[in-house]
Amino acid sequence: MNLSFRQLRIFVEVARLGSNQAAAAALHITPPAVSMQIKDLESQLQLALFNREGRGLTLSTAGEYFLVHARRMLAAYRDAEDAMSRFLKLDRGVLTLGIVSTAKHFVPQLLARFHQEHPGIELKLRVAHNRRQLVALMQAGEVDLSVMGRPPREIETRAEPFAAHPLVFVAAPDHPLARMEAIAPDTLAAHPFVVREEGSGTRAAMQAFFEEHRLEPRVAMEVASNETVKHAVMAGLGLSLLSLHTIGLELQSGLLRILPVEGTPLMRTWFIVRMQARQLSPAAEAFRYFIIEHGEAHLLAHDAPLLQKTALPGKG
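Please read all numbers here as calculations on a predicted model, not as lab measurements. (Residues numbered from 1 in each chain as written. Predicted model: local features only at pLDDT ≥ 70, side-chain atom pairs only at ≥ 80, totals over all residues. Heavy atoms only, no water.)

S.K.: Got a minute to help me understand the environment of arginine 52 in this structure?
M.R.: By secondary structure assignment, the location of arginine 52 is in strand S1 (residues 50-53). Residues arginine 52 and glycine 18 lie 34 residues apart in sequence; the distance between their C-alpha atoms is 10.0 Å. Among residues more than four places away in sequence, those in contact with arginine 52 are Ile38, Glu42 and Leu57. For arginine 52, the side chain forms a polar contact with the side chain of glutamate 42, separated by 3.0 Å. (Helix = DSSP H or I, 4+ residues; strand = E, 2+ residues; numbered from the N terminus. Contact = heavy atoms within 4.5 Å. Polar contact = N/O pair within 3.5 Å; in protein donor to acceptor, adjacent residues only side chain to side chain.)

Shown next, in the form of structure tokens:
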């Protein structure tokens, strides 16, 4: 078969109005053109779609079934047309972005830049307390895209890296380790730690680091937010591992100090993630392109001065 969307539109109008003449008037074409398209459609289908009674037309049983499919095809075509037109000029739409709490320190700045380019897009930001909660939001279909450090393995997603994510050990400025120029990993085992809760990406990275060096951290306190971790470290309750992207202000104001631990910073990656089976809206697709294009440079401008000032020994 070689059906056309023009034929489908004509068929739906004839079915709705019950005559070729009325359909022709509604579509601004001639009645003979309507008759010709209907005859060609029936010829291709090898089925009569209408019962012809005098001048009136009623749907045959085959026509009633075909009408359902014709309407579906026309609806899909309109959706495709709308999506493509919105790509040409993104002047409307809604973007719901999910992020882990660590990302709230830089994502709003990127969203502000994106909004300047696309002021008609309504932005919604869902901040999850940890990775586990964000995965639940994704499974429930409550976010279009997610920014996270570890793409989930328990669900089918498409994850694209867009920037490096350094994690560093930190201490209060008056902590004894803060005065050292180089710190071996086993030195950390003697000091108490303030850590994020289980399910946090930062907690998982810290555990992996200690396991790699066959060490067991002394956990003095477990909390559920980066802000509480920072305040606990500043108060002298222990050391911690934190994302460099969460501590810029504290480092600049002298409230925290990066510890020059051998093998750090721990370099992780930020990903923009979506459900594999979900088709992105034009607004979400536009932000996906935006963060892949601009995210790395934005974060590098933040990270480089802080890492250069600290002069960490690194892994090399």
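S.K.: How should the environment of threonine 269 be read in this particular structure?
M.R.: Within the secondary structure, threonine 269 is located in strand S11 (residues 266-275). Along the sequence, threonine 269 and methionine 148 sit 121 residues apart, while their C-alpha atoms lie 8.5 Å from each other. Once residues lying within four places of it in the same chain are set aside, the contact partners of threonine 269 are Met148, Gly149, Pro161, Ala163 and His165.

S.K.: I tried to follow the packing of aromatic side chains on my own but got confused; where do I start?
M.R.: Given two aromatic rings, one states the distance between the centres and the angle between the planes to describe the pair. Throughout the structure, instances matching the rule amount to 12 aromatic pairs. Between phenylalanine 169 and phenylalanine 210 the ring centres are 6.4 Å apart and the planes differ by 85°, which places this aromatic pair in the edge-to-face class. Of the two residues, phenylalanine 169 sits in strand S6 (residues 157-171) while phenylalanine 210 sits in helix H8 (residues 201-212), which places them 41 residues apart along the sequence. Judged by relative accessible area, phenylalanine 169 falls into the buried class, the value being 0%. By way of ring pairs, the aromatic residues Phe169, Phe193, Phe209 and Phe210 are connected into one cluster. Directly above the aromatic system of tyrosine 289 lies the positively charged group of arginine 288, at a separation of 4.9 Å from the ring centroid. (Phe/Tyr/Trp six-rings, centres within 6.5 Å; stacked < 30°, edge-to-face > 60°. Buried < 20%, exposed > 50% of the residue type's maximum accessible area, 1.4 Å probe, protein only. Lys NZ or Arg CZ within 6 Å of the ring centre and 35° of its normal.)

S.K.: What exactly am I supposed to notice about helix H3 (residues 31-45) here?
M.R.: Three- or four-residue spacings in an α-helix give side chains the same orientation, since the helix completes a turn every 3.6 residues. Between its first and last C-alpha, H3 extends 21 Å over 15 residues, near the 21 Å set by a 1.5 Å rise per residue. For H3, the full list of buried residues reads Ala33, Val34, Gln37, Ile38, Leu41, Glu42 and Leu45. The buried residues of H3 all sit within an arc of 165° when viewed along its axis, so they share a single face. Those residues of H3 that are exposed and aimed more than 90 degrees away from the buried face are Pro32, Met36 and Lys39. (Expected span 1.5 Å × (residues − 1). Arc of directions from axis to C-beta.)

S.K.: Would you take a moment to explain the nonpolar core for this structure?
M.R.: Side chains that are nonpolar tend, in soluble globular proteins, to be buried together. Ranked by internal contacts, the top residues of the largest apolar core, which has 35 residues, are Leu95, Leu97, Phe106, Val147, Phe162, Trp270 and Phe287. Contributions of two or more residues to this core are made by strand S3 (94-100), helix H5 (107-117), helix H6 (131-139), strand S5 (145-148), S6, S11 and helix H11 (282-310). If you tally residues by element for this core, the top one is H11, at seven residues. Ala178, Ile183, Ala205 and Met206 belong to the second-largest nonpolar core, a separate cluster that totals 19 residues. (Core = buried A, V, L, I, M, F, W, Y, C linked by side-chain atoms within 4.5 Å.)

Interpretation in functional terms is not warranted from these geometric data alone.
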